Amino acid sequence: VSQYFDAERVSRAGSPLVASLLANLKHQQWKVRRATLESLGALLLPEATMMDHMEDVLPHLNALLSDRTPGVRQSLAETLERWLLKGLSFRVLPASNSFDDDGPEGFEKFESRLLILLLGVAADEEPEQVGAIAFGGLERVAVLKHEVLMKRAAKEREREEARRKAKEAREAKATADQGYMEEEPPEHKNSKCQDPEVVAAFDYPSVLPLLPEPFKAGRLPAALTSSYVKMHLGNILPQVLGNLTQWTTDIREAAARLLQVVLVVANKHIAPFLDAVLVHLYKAQADDDQKVSSISRLCASMVGVFLEPEMVLEVVGKHLGLKHEGGQRKGTSFDELWPQDKHGRQTTRTVQDVLSGVKNFVATTAESRRQVFIVLAKLLHPSSATSNNFQRALKTPEVKLALRFLEEGVRSELLPAVLAATESLLKAGQSACLDDWPRVFDLLLRMKSGEECNLQTVDANIDHLARLLGRSQLQLYEEHLRSRLGELLQGADAVLWEETSPNRHILETLLRNAGAAVAEHVGKLMPVLARQASPEDASASARVDLLGLVHFLVNEEDEALAQAVKENSLALLDGILLPNCSWRPGQSNGKIRRGGMVCVHAILRRHLVPAAVLNEVFVDLMPILKSCLDDSWSPDNRLIACLVLSCTLTDLQAEINGEQLREVYPELLKRLDDSNDKIRVAVCEALDVFFKCLPHNWSRSLFEYILRNLFVHLDDPNPEIQQGIYTVLQSAVHQDYATFLKEAQSAVSKSSHPRLCEELVRLAESLQTSSGEDVVAA
């Protein structure tokens, strides 16, 4: 019909036929849909029918982009190609002189819309079966478009030449008739006479691993194709970006694939639209659908490949609200671009023009800033699912600018995203990061000090930085400790760090990893730790963290560090540990007291407190030990108090006096009746040390009292307790042989285990005989 009938008549009578064909596009049989599409393609090839009916056909073609049958989508690509090739050959309408300009006329008003559809088919899920066909058609259309524009330019030059000759003839005649020539205004150069611009060919092979299908197979866009798409970017991108945030997943996924193709074909010519592209990528990479999210991140990688880092970083800095001269700027937020209202499970979104607001976009919320940093990681170091080794070199000014962005984003909720961007910066910056390695290390240290980031990933980045510097991780920590500790501790001995401050976590991480280099700074640390762990106003979490740090320093197997702790033991006990071991109400304070006692036990067990210092703090330590030994609710506190008391007596054997021992023995005897056998065993060890500390002329009546209690517990049903008491009595016999012998002989007749008492009697007799004392006199 379209071939043999007059096109004008077909166009006038074709409305019912077109309507019937459009209805058949939804037929359940794919062969019917394909045949219908081919019929429409043939029917609309003539200019008259295309101009009259294309407006009705185009809305129905969008649904065919997601047709379930590849054959239908192939037919759609072929049909769109035929229409574009035919339309480009139509006669161009003369420019209208009317002031009521409604935009392009003739085929030009359909060209961009057909091109979007053809690009959509090129972005098909089946790149080999469908996408390659559409991309081949796009290249052929681009070649024809260039030829058409060249012919138009040639014709325009001919017209311009004819006008110029006519003008010269008029001027010559006017000069001959009047003897002078009227001065005419200068002519303006006619832009239509110029040959169409052909953009420079992009070096696609260098970025081939990052390209999606169908480009990865070697079908790379030609310069003419890029030039053609560049002409229509202003019409294509708003629709593509708008669909990237639509309600339905299918539309968003198709738009994400289409954006990939547009970015590849347009390459660096996407620059004028960078604001809009990045803002929509921030939103799309956080999409609930995994495909949309992953494709959006790949699009961000391609933007990073195609555009200069300086330009990209300038725009990202604007989106973060940062000014070049420092400070913050205000702008439009995500909530203003995509306003929505949630009531329960119902979400209402207000549809509005987003592109007009992207120029002023600023990420104001933590979530929007997190999205910016995720995209920034891909922009700095582009990568795909199959390739992570793409190398792009950043210059030193670009590294400094990116570091400023990352430092502005160091907040706990943003740390994982900042870590990804820091990793990308190290990979892309390489040697350019060396001058600012302390700033990079500061960032990594902050990430390692919290629980938000994967520690293995952080360590891998620290190792990468160390390799770039030609040093080990330990050397980095040591050098950073020497250069930055003073800055970190400045004023911290007087002013309490805020709970949200990362300083405490950074200090802990730095000290735990700096090794022996910590020893020279222990003296500076003590007043800071005392202030930041003060029970009066420090938070429970801060006190727990710092007590954990003290426990680490005390148990570190390094001679220099141990010696430094020993030299500062008085400040450590008096300023940090003992205040946190004192009783305070509340469950958290109970746990902190237990932690403090564990630290005291650790420092005493390693003999890091000189006897003179321990004797000085004994008056403060003893009330704390009594309180812990009487803690009926916490067996752990009673046990650790027994262990601390045992270590204290061991270290004070030469310094302790009789009066101090009078304070100790009642608490030890009470713990022999404890309900927890572990505590009773620990008390036996403490009593063993107690008797080794007794002065020779200590009170005989108290000694008798203690012995009677011990002989009672020698009959304990627990063999471990029996053996512990027996060992204590073996130590007690050396204090006073005669008194011990009398109490032991008295216990033989009362004991349920007389054998042990008899052994002790024989031990006392043998020791008394060997010492030459007179039994009868005694």
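## Focus: the side chain of Thr36
Assignment of secondary structure puts Thr36 in helix α3 (residues 30-43). When sequence neighbours within four positions are dropped, the list of residues in contact with Thr36 reads Leu21, Asn24 and Leu25.

## Observations regarding the state of the cysteines
Within this structure, the stated rule accounts for 0 disulfides. Unpaired in terms of disulfides, Cys628 finds its nearest cysteine sulfur in Cys581, a separation of 6.7 Å.

## Structural notes on the confidence of the model for the chain
Here the chain averages 84 in pLDDT, and 90% of its residues register 70 or above. When mean pLDDT is compared element by element in the chain, helix α5 (residues 70-88) scores highest at 93, while helix α14 (residues 334-337) scores lowest at 52. In the model, residues 774-778 has pLDDT below 50 throughout and makes 4 contacts with residues more than four positions away in sequence or in other chains.

## Re a nonpolar patch on the surface
The grouping of Val1, Tyr4 and Phe5 at the surface amounts to a nonpolar patch, some 420 Å² of accessible area in total. Owing to a relative accessible area of 61%, Val1 belongs among the exposed residues under this scheme.

## Observations regarding the packing of helix α16 (residues 396-408) against helix α18 (residues 437-449)
Two elements in contact, α16 and α18, have axes separated by 11 Å at closest approach and are oriented at 25 degrees. One element, α16, and the other, α18, form an angle in the roughly parallel class. The crossing of α16 and α18 is left-handed. Residue-level inspection shows Lys400, Leu403, Arg404, Leu406 and Glu407 of α16 in contact with α18, the latter providing Arg439, Val440 and Leu443. Per-class residue counts for the contact of α16 with α18 are 4 nonpolar, no polar and 4 charged.

## Quick look at the packing of aromatic side chains
A full pass over the atoms with the stated rule returns 13 aromatic pairs. On the basis of an interplanar angle of 85 degrees and a centroid distance of 6.1 Å, the ring pair of Tyr665 and Trp698 is categorised as edge-to-face. Of this pair, Tyr665 sits in helix α29 (residues 658-671) while Trp698 is found in the loop between α30 (677-693) and α31 (700-713), placing the two residues 33 residues apart along the sequence. Taken individually, Tyr665 and Trp698 each receive the classification buried, so the pair is uniform in this respect. Considering the side-chain rings of Phe690 and Phe691, the 5.5 Å spacing of their centres and the 80 degrees angle between planes classify their relative orientation as edge-to-face. Side by side, Phe690 and Phe691 carry an identical accessibility label, which is buried. Here the aromatic cluster, defined as three or more aromatic residues joined through ring pairs, consists of Tyr665, Phe690, Phe691, Trp698 and Phe703.

## Observations regarding a negative patch on the surface
Taken together, the side chains of Asp6, Glu8, Glu47 and Asp52 define an acidic patch exposed on the protein surface. Looking at where Glu8 falls in the secondary structure, it is placed in helix α1 (residues 7-13). The partly exposed category is assigned to Glu8, whose relative accessible area is 44%.

## What about the pattern of salt bridges?
Summed over the entire model, instances satisfying the criterion amount to 49 salt bridges. A salt bridge links Lys448 to Asp459, with the nearest nitrogen and oxygen atoms 2.8 Å apart. Separated by 11 residues along the polypeptide, Lys448 in helix α18 and Asp459 in helix α19 (residues 455-469) bring together distant segments of the chain. The class of Lys448 is buried, set by a relative accessible area of 16%. Note that Glu508 is salt-bridged to Arg512, the shortest N-O span being 3.0 Å. Taken together, the residues span about one helical turn, with Glu508 and Arg512 both in helix α21 (residues 503-513) at a distance of 4 residues. Exposure remark for Glu508: the relative accessible area of 16% places this residue in the buried category. Residue Arg512 is classed as partly exposed on the basis of its relative accessible area, which comes to 34%. Here the salt bridges do not stand alone but share partners, grouping Asp630, Arg638, Glu667, Lys670, Arg671 and Asp674 into one network.

## Re the environment of Arg606
Relative to the helices and strands, Arg606 is located in the loop between α26 (587-605) and α27 (611-629). Take Arg606: its relative accessible area is 21%, and that puts it in the partly exposed class. Between the C-alpha atoms of Arg606 and Lys566, which are 40 residues apart in sequence, the distance is 9.8 Å. Apart from residues no more than four positions distant in its own chain, Arg606 is found in contact with Val554, Asn555, Glu556, Glu557 and Ala562.

## Re the packing of α5 against helix α6 (residues 108-122)
One can describe the packing of α5 onto α6 by two numbers: an axis separation of 10 Å at closest approach and a directional angle of 150 degrees. Considered as vectors, α5 and α6 are oriented roughly antiparallel to each other. Relative to α6, the crossing made by α5 is left-handed. Here Arg73, Leu76, Ala77, Leu80, Trp83, Leu84 and Leu88 of α5 come into contact with α6, specifically with Glu111, Leu114, Leu117, Leu118 and Val121. Looking at the contact of α5 with α6 residue by residue, the class counts come to 10 nonpolar, no polar and 2 charged.

What counts and how
- Residues numbered from 1 in each chain as written.
- Predicted model: local features only at pLDDT ≥ 70, side-chain atom pairs only at ≥ 80, totals over all residues.
- Heavy atoms only, no water.
- Helix = DSSP H or I, 4+ residues; strand = E, 2+ residues; numbered from the N terminus.
- Contact = heavy atoms within 4.5 Å.
- Disulfide = S-S within 2.5 Å.
- pLDDT = per-residue confidence, 0-100.
- Patch = residues over 30% accessible without salt bridge, like charges linked within 9 Å, V, L, I, M, F, W, Y side chains within 5 Å.
- Areas by Shrake-Rupley, 256 points an atom, 1.4 Å probe, with all protein chains shown as cover.
- Salt bridge = Lys/Arg side-chain N within 4 Å of Asp/Glu carboxyl O.
- Buried < 20%, exposed > 50% of the residue type's maximum accessible area, 1.4 Å probe, protein only.
- Axes fitted to C-alpha atoms, helices over the stretch in contact; angles between N-to-C directions.
- Parallel < 35°, antiparallel > 145°, perpendicular 65-115°, else oblique.
- Left-handed = near helix turned anticlockwise from the far one by under 90°.
- Nonpolar A, V, L, I, M, F, W, Y, C, P; charged D, E, K, R; others polar.
- Phe/Tyr/Trp six-rings, centres within 6.5 Å; stacked < 30°, edge-to-face > 60°.
- Lys, Arg positive; Asp, Glu negative; His and termini not counted.
- Charge placed at Lys NZ, Arg CZ, Asp CG, Glu CD.

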